[in-house]
Amino acid sequence: GIKTAKVEIIRGLEKGTLYLLHGQIMHASAGNLRGPEAFYELIRWTAGRFCIMHGQTTDETNVTVDTMRLLLEATTLMDEKKESTSSDEEKISAY
């Protein structure tokens, strides 16, 4: 079924938190970041541990964008960063 849960993600000394309500991300935090920016940071993490606490909710909603749109935006940002990094590497090797 569609889940309501708190998801804690830990990478070294860094910690992030997502709250989902009926499958939709309602809250995201990562370090000092909050909302969509925190989600975009967390989705870039390639390693870490996570813990899902089913049924936990929060009164603090800081993500109002639909989860699918949030995921699409995150992939677009990651693609743009990859292209930017590739372009910078090409510039460096051209000298």
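### Description of the pattern of salt bridges
Argument step 1. Summed over the entire model, instances satisfying the criterion amount to four salt bridges.
Argument step 2. Two residues, E8 and K6, come together in a salt bridge whose shortest N-O distance is 3.1 Å. The two residues E8 and K6 agree in class, both being buried.
Argument step 3. A salt bridge links E41 to R44; its shortest N-O distance comes to 2.9 Å. Of this pair, E41 and R44 both sit in helix α1 (residues 36–44), three residues apart, roughly one helical turn.
Argument step 4. Here the salt bridges share partners, and the residues they tie into one network are K6, E8 and K15.

### Thoughts on the packing of aromatic side chains
Two measures describe an aromatic ring pair: the distance that separates the ring centres and the angle between the ring planes.
Argument step 1. Counted under the stated rule, the structure contains one aromatic pair.
Argument step 2. Centroid distance F39 to Y40: 6.2 Å. Interplanar angle 70 degrees. Geometry classified as edge-to-face.

### A closer look at a nonpolar patch on the surface
Argument step 1. On the surface, a nonpolar cluster with roughly 350 Å² of combined accessible area is contributed by I43, M68, L71 and L72.
Argument step 2. Considering every element that reaches the nonpolar patch, the biggest residue donor is helix α2 (residues 67–94), with three residues.
Argument step 3. The topology assignment puts L72 in helix α2.
Argument step 4. Given a relative accessible area of 53%, L72 falls into the exposed group.

### Thoughts on the nonpolar core
Argument step 1. I9, L18, I25, A28, F39, L42 and L70 are the most contacted members of the largest nonpolar core, which has 14 residues in total.
Argument step 2. Listing elements by their share of this core, those giving two or more residues are β1 (5–11), β3 (24–30), α1 and α2.
Argument step 3. Among the elements that line this core, the one with the most residues is α1, at four residues.
Argument step 4. Apart from the residues within four sequence positions on either side, L70 is in contact with I25, P36, F39, Y40, V63 and V65.

### Some thoughts on the side chain of T17
Argument step 1. Turning to its location among the elements, T17 is positioned in strand β2 (residues 14–21).
Argument step 2. T17 sits in the buried class, given a relative accessible area of 10%.
Argument step 3. Sequence-distant contacts of T17, defined by excluding residues within four places in its chain, comprise K6, V7, E8, H27, A28, S29 and L42.

About the cut-offs
Residues numbered from 1 in each chain as written. Predicted model: local features only at pLDDT ≥ 70, side-chain atom pairs only at ≥ 80, totals over all residues. Heavy atoms only, no water. Salt bridge = Lys/Arg side-chain N within 4 Å of Asp/Glu carboxyl O. Buried < 20%, exposed > 50% of the residue type's maximum accessible area, 1.4 Å probe, protein only. Helix = DSSP H or I, 4+ residues; strand = E, 2+ residues; numbered from the N terminus. Phe/Tyr/Trp six-rings, centres within 6.5 Å; stacked < 30°, edge-to-face > 60°. Patch = residues over 30% accessible without salt bridge, like charges linked within 9 Å, V, L, I, M, F, W, Y side chains within 5 Å. Areas by Shrake-Rupley, 256 points an atom, 1.4 Å probe, with all protein chains shown as cover. Core = buried A, V, L, I, M, F, W, Y, C linked by side-chain atoms within 4.5 Å. Contact = heavy atoms within 4.5 Å.

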